[in-house]
Every structure is written in C-alpha cells, then in structure tokens.
Amino acid sequence: MSMKFSGQVALVTGAANGIGRATALAFAAEGLKVVVSDVDVTGGEGTVELIRAAGGDAVFIRCDVTRDAEVKALMEGTLAAYGRLDYAFNNAGIEIEKGKLADGDEAEFDAIMGVNVKGVWLCMKHQIPLMLAQGAGAIVNTASVAGLGAAPKMSIYAASKHAVIGLTKSAAVEYAKKKVRVNAVCPAVIDTDMFRRAYEADPKKAEFVATMHPVGRIGKVEEIAAAVLYLCCDAAGFTTGHALAVDGGATAI
C-alpha cells in the first residue's frame, strides 16, 4: 500500500546496510529524494546505486554522527542537494557489548553512548531548526526493545536505547505545536548482516533467538522500514512521542 507524504526529501543515517538501507530504499520507492549517510562510504554509495538503479533520486554524504561539525555539514549538504528536509530517520547505531555490567569498560561505554545517544541528539539538534523554518517535519529515531525493558549482558546498549526514547519523547513534546513530530521505532532481533555474523557459527543459538519472539521468527528489515515510513507519513499526523515496538510480540510476554 502506498503511503501519502506531504514532503519530498528524506534523510537516513546508518544507511549503508541493514535497516537503514532498507528504509532509504523504501523512501525512494515512494518517490522521495533521499540523502543517504553513514561512515561506511562503500556501503552508503552502494545504497545510492540501488536507489538510482530503481529510478530514484539519492545522494550520499559521509557523516560521523558523534561529531557536531560533521552533523552540521550533513544538514548543509542536504540543503545544497535538495533545498529542504522533510523526514529524518536517525538510525546510526552500534552494538558491541558482550558481557555483564561489571565486565564493561569505559571505552565501550563512551563508544556506545557516543553513537547511539549523542549521535541522535546531534542529529535532532541540527534537523529540527530546518523543519521549524519550513513549518513542518517528522523524525524517527532508532531505539530498540532493549530500550523498553532489561537486556542482560547488554546493559550499556539498553541504557543508550532508553536514552533515545527519552530524547524522542522530550523533543516530541517541545515541538508538537510547531508541527514537528518525533517518534521512535523499537525493533527486536532483525535479520541483518550483523545478526548473521553473530549467529552463523551457531545455528542452534540463532534458532533460540527466533523463539524469543512469539511469532516464531526474527524480523525483516523491510518490516522496520515500513514502520518508519508509517511514522513519517501523513496518516500518522496525530502520532508523536511514541516508541513503536516492532518485535513479533516479544514485549507482550
């Protein structure tokens, strides 16, 4: 089903692969111009090539979302390319944690919080003024089901995603009357390259992970992309400050 969008330009960070790439492709399929951003130049340019091969319009701009100057330059590049910013999917994130809380270290904490929290904050900090200037806009941030509850052996990651939801809700309330909507999407385990690398050596563990979802499987990147597009489209005009779980029923248990 085609969705209706009032705007014409979407920005996706972390768009070199996985959920980000799928969402960039989905925006383009709806006729939007797409700014693809990532620190992975090869992957990001590959996403642009896929969009153009399908007849879409996209540009790639490299950006480290932990650096204010680079995020500012990303917004300037977006305006230079397309003249406006209507929708933003702040998806860049990392997941490097493998142990219990007391086994973590400061460098790991700083890295996870830097990308997952500071990165989202910086992106919104520079996106919102553009949307205010044009009178409207919609932002979706990638959180996680780990931001809705506990995540054993991933405590820092869980904290970062709780923080993303906090940033999302606060920004949503601050700018609600200015027609800038801010929501979050909270995936469970999704079939991405990261998932395959983690579990390809242990198929039994992958099967166990699938059983954590009542539907009996892991999610597809296209299913997260569809949720993001819904939160951005006109049909979601009364939805802001929401953290949408797309989790195969995992949080319902």
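Quick look at the structure, then. Counting restarts for each chain, with residues numbered from 1 along the sequence as it is written. Selection of residues for local features in this predicted model requires a pLDDT of at least 70, selection of side-chain atom pairs for listing and counting requires 80 or more, and totals for whole chains, interfaces and linings are taken over all residues. Heavy atoms from the whole structure form the basis of all side-chain values; hydrogens and water molecules are not counted.

**Describing the layout of surface pockets**
Next, step 1: By volume, the second largest pocket is sized at about 360 Å³.
Next, step 2: For helices the rule is a DSSP run of H or I covering at least 4 residues; for strands it is a run of E covering at least 2, with both sets numbered from the N terminus onward. Put simply, the parts of the chain that give the lining of the second largest pocket at least two residues each are β5 (137-142) and β6 (180-187).
Next, step 3: Classification used: nonpolar for Ala, Val, Leu, Ile, Met, Phe, Trp, Tyr, Cys and Pro, charged for Asp, Glu, Lys and Arg, polar for all others including Gly. For the lining of the second largest pocket, the per-class residue count stands at eight nonpolar, five polar and five charged. Grid spacing is 1 Å over the protein atoms alone, the probe is 1.4 Å, and a cavity is where that probe fits but cannot get out, while a pocket is an open set with protein on both sides within 12 Å along at least five of seven lines and lining residues have an atom within 4 Å of a point. Grid points are joined across faces, edges and corners, and a volume is the space filled by probe spheres set on the points.

**Some details on helix α7 (residues 203-211)**
Next, step 1: Three exposure classes are used, based on accessible area relative to the maximum for each residue type with a 1.4 Å probe and protein chains only: buried under 20%, partly exposed in between, and exposed over 50%. For α7, every residue scored as buried is listed here: A206, V209 and A210. The arc that holds every buried residue of α7, seen down its axis, measures 100°, which confines them to one face. Residues of α7 that are exposed and point over 90 degrees away from its buried face: K204, E207, F208 and T211. What the arc describes is the spread of directions from the helix axis to the C-beta atoms.

**Regarding the environment of A172**
Next, step 1: Mapping A172 onto the fold places it in helix α5 (residues 155-175).
Next, step 2: In the structure, A172 is positioned 71 residues away from L101 in sequence and 31 Å away in space, judged by C-alpha atoms.
Next, step 3: Each residue touching A172, except ones within four places of it in the same chain, is listed here: V182, T240 and G241. The criterion used for residue contact is that any of the two residues' heavy atoms lie within 4.5 Å.

**Notes on the environment of M113**
Next, step 1: Locating M113 in the fold gives a position in helix α4 (residues 106-134).
Next, step 2: Given the relative accessible area of 18%, M113 is considered buried.
Next, step 3: Once the C-alpha coordinates of M113 and L25 are considered, the two residues, 88 residues apart in sequence, prove to be 28 Å apart.
Next, step 4: Not counting residues within four places of it along the chain, the set of residues in contact with M113 comprises K118, I156, A159 and S160.

These figures capture arrangement, not role.
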